[in-house]
Amino acid sequence: MPDYKAPLREIQFVMNEVLESEKHYASLPGCEDATPDMVNAIIEEGAKFAERVLAPLNQVGDQEGCQFNDGDVKTPTGFKEAYQQYVEGGWPSLSHDPAHGGQGLPESIGTIISEMVGTANWSWGMYPGLSHGAMNTLSEHGTDEQKAVYLTKLVSGEWTGTMCLTESHCGTDLGLLRTKAEPQADGSYKISGSKIFISAGEHDMAENIIHIVLARLPDAPAGTKGISLFIVPKFMPQGDAVGARNGVVCGSIEHKMGIHGNATCVLNFDDATGYLIGPPNKGLNCMFTFMNTARLGTALQGLAHAEWGFQNSLPYAKDRLQMRSLTGAKNTDGAADPIIVHPAVRNMLLTQKAFAEGGRALIYFCAQLVDKAKLAGADEKLEADALLAFLTPIAKAFLTETGFESANHGVQVYGGHGYIAEWGMEQNVRDARISMLYEGTTQIQALDLLGRKVLMSQGESLKGFTKIVHKFCKEHANNDAMKPFVEPLATLNHEWGELTMKVGMKAMQDREEVGAAAVDYLMYSGYVTLAYFWARMAQQAQLALDQGTSEEAFYKAKVTTARFYFARLLPRTRAHAEIMQSGAESLMALDTEHFVF
Ligand SMILES: Cc1cc2nc3c(=O)[nH]c(=O)nc-3n(C[C@H](O)[C@H](O)[C@H](O)COP(=O)(O)OP(=O)(O)OC[C@H]3O[C@@H](n4cnc5c(N)ncnc54)[C@H](O)[C@@H]3O)c2cc1C
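Quick caveat, the model's predicted, so the values are computed rather than measured.

Q: For the site of the ligand, give the residues involved together with the corresponding values.
A: Neighbouring residues of the ligand: 20 residues in total, closest Met163, Thr166, Thr172, Phe197 and Thr441. Contact between the ligand and leucine 165: an oxygen atom at 2.9 Å from a main-chain N or O atom of the residue. One nitrogen or oxygen atom from the side chain of threonine 441 is found 2.7 Å from an oxygen atom belonging to the ligand. Its free accessible area being 970 Å², the ligand has 64% of it covered by the protein chains. Taken together, the elements giving at least two residues each to the shell around the ligand come down to strand 3 (159-164), strand 5 (189-199) and helix 13 (442-455). Here the residues of the shell around the ligand sort into 11 nonpolar, seven polar and two charged.

Printed below as a string of C-alpha cells:
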C-alpha cells in the first residue's frame, strides 16, 4: 500500500536552516507569534492530520471519484468527514486576518501545511486550496461588507470558494469570455453564462460555496479590458446562515484522467445574483490575486508528486530483488540484489529526490516573499513583489514539469507493477498531469516569463534574481568545498543574461522568436534557479559538517544530492540553451496545409 510520511526533517532544514525563518519572522510586523516552538508545533499537528486522515483517503478518492446526481455532487467516502476535522482543527483560518476570524500567521506557514495536505491527497487538498485563493481575493479587493458576510465564513471553513474563469471556448484567452453581468437597481448584478472545468464547483463538504466569477458588464470594451469580477454565492446569505438557493447549478462533472476525488464542474449561471468585487472592467487585475495564489499552489503540486513518488519508490527499490550489481553481488544471502544497487535505478530515485528537495527550497523562498509582499516596509515590499512576479512562472511550470517527470520515474522504478493500480504509482502520474495544464499551461507560463516579465522589463526582472545568485557565488568563491557548486552556477548565471540578450535581439526582428524560445528559456531558467537553491543547501550542510554535528549522515546526504544535481540534472541546460537559440524558422517553415498529405 502506498503511504505518506511528512518529511519533517527536510521541511525544518529548508525553513529553519537554509531560509532562517526565525530571523525572517522576527523582521516582519505582526509575525511575533510565529516563534520556532509555535511553528514546529503547528507543523507537527499538520503532519499528523495529513498522514493519518488524508493519506488513507488518497486511493479511495481515486477509485470512487465524485458522483453527480441531478445537480448535486457526492464526494468520495471520508472526504466530508476529513473536511469537518480540518475545520474543527482551525486549519482554514491559519494565515488569514484576525479581523475576520483568522489566526494571523504568515502565509509561509500555511504553505508548509498545504505541502503536507497536498502530498498526502492532492484531490482533497484542492477544496481548501481553492477557498484559500477566494479568501485572498476578497481580503485584497472586497468591500468591508463583503468581507463581513463572505470572508468570515470562508475563513472559518463553513463555506468554501471557487475560481470561475474558464468557458468552453476559452481557457488561455480569457479576453474571449462571454458570461454576462446585468446591473440591477439594488446595486447587485444578474450573472448569466456557463463556466466549465470549475474545480470544487459543487460538493457536499460545506453548507455554501462562494464562486468568484469573471463576467462582462453591458457595453464593456472587448477583450481583457472589459472583464469584471463578481461574488456569486450558491445560497444567498441570510444573517449568519444560508437562505434561498441562487441561480447557479452544476450541470455535470467531468470524467477525467486523474484527481478523481476533486469535482470538476460545469456551472450554469442563470440570472444568478452577484456582487461586483473591485472596480468595473478591472476584474482580471483583481483575479490575478487569485491566480498568483493558485500558481504557487500548483507549483506545490509539482513538489507533492515528486515527494510522493520518491517516498513510495524508495522502499520498493530497497526490497525488490532483481539481477546482480555490476560490481559483484551485494546481497549475497539473497537470490539477487535489491534494484537500488543499479546505477540506472539510483538515477531515477536521486532525480525524484533532487527535484522534490530543490523544489521545496524554491517554494518556501517564494512563500517568504509572499510574507514580505504582505507585511514588509515599502521598499522591501516592492522588491519582494518584483522577485515573486519573476519566480512565479518558473516555480509553476518548472516544478510541475519536473514533478510529472518524477511521478513517471515512480512507475519505472516499480517496473510492470508500477502500471498496476494497487501500488498507486500510476495514480500519481495521472494526478500530476493536470498540473502542467491548469493555472496557465507550461507554454503560457513560458510566454509570461520571457515576454511579459523579462523582455518587457528590458531584462530588469531577471537581473533582480541574477544579482542574488551572483552575490552568493561571490561570497563563497574562495571556499574550496563550495567551488564545485559556485563555479558552474556563476557561469550559468552569466550565460542566462547573455541568452536573454540574444533571444531579445532576435525578437526585435521577429516576434515569433519569443514563442519559439520561451519553453526552453523557462526550463533553462528552472534548472539554474534550482541550482542556486541546491548550492545554498549544500553550503548550509557543509557548514554544519564543518562545525561538527550529530546528524552527519543527513548533511552528507544533502551535499551528495547537490553533487548529483550539478552532475546529472544541471547539464540539461546545454540542450535548452541550444534549442532556444535555434530560432523560429524550423517551427514556422511548414505550411499549415502541409503538415500531412
Ligand atoms: C481538471 C481541471 C481543473 C480545472 N480547474 C479550473 C478552475 O477551477 N477554474 C477555472 O477557471 N479553470 C479551470 N480549469 C481550466 C484550465 O485552467 C484550462 O483548461 C487551461 O487554462 C487551458 O485552457 P484550455 O483548456 O481552454 O486550452 P487552450 O487555451 O485551448 O490551449 C490549448 C493548447 O494551446 C496552447 N496555447 C494556447 N495559446 C497559446 C499561445 N499563445 N502560445 C503558445 N501556446 C498556446 C496551450 O498551451 C495548450 O497547449 C481546469 C481544467 C481542468 C482540466
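Q: Describe the packing of aromatic side chains, with residues and values.
A: A full pass over the atoms with the stated rule returns 26 aromatic pairs. Ring plane angle 35° and centroid distance 5.8 Å describe the contact between phenylalanine 49 and tyrosine 86, whose orientation is recorded as tilted. Of this pair, phenylalanine 49 sits in helix 3 (residues 36-54) while tyrosine 86 sits in helix 5 (residues 79-88); the two residues are 37 residues apart in sequence, bridging distant segments of the chain. Given the relative accessible area of 9%, phenylalanine 49 is considered buried. Pairing tyrosine 316 with tryptophan 423 gives two aromatic rings, centres 5.7 Å apart and planes at 65°, and the pair type is edge-to-face. A residue pair is termed long-range when its members are at least 10 positions apart, and tyrosine 316 in helix 9 (residues 283-319) and tryptophan 423 in the loop between helix 11 (378-413) and helix 12 (425-433) qualify at 107 residues. The class of tryptophan 423 is partly exposed, set by a relative accessible area of 26%. Each residue in the set Phe365, Phe390, Phe465, Phe472, Trp496, Tyr532 and Phe533 is aromatic and connected to the rest through ring pairs, giving one cluster. The ring of phenylalanine 554 is capped by arginine 9, whose NZ or CZ atom sits 4.3 Å from the centre of that ring.

What counts and what doesn't
- Residues numbered from 1 in each chain as written.
- Predicted model: local features only at pLDDT ≥ 70, side-chain atom pairs only at ≥ 80, totals over all residues.
- Heavy atoms only, no water.
- Near = heavy atom within 4 Å.
- Polar contact = N/O pair within 3.5 Å; in protein donor to acceptor, adjacent residues only side chain to side chain.
- Areas by Shrake-Rupley, 256 points an atom, 1.4 Å probe, with all protein chains shown as cover.
- Helix = DSSP H or I, 4+ residues; strand = E, 2+ residues; numbered from the N terminus.
- Nonpolar A, V, L, I, M, F, W, Y, C, P; charged D, E, K, R; others polar.
- Phe/Tyr/Trp six-rings, centres within 6.5 Å; stacked < 30°, edge-to-face > 60°.
- Buried < 20%, exposed > 50% of the residue type's maximum accessible area, 1.4 Å probe, protein only.
- Lys NZ or Arg CZ within 6 Å of the ring centre and 35° of its normal.

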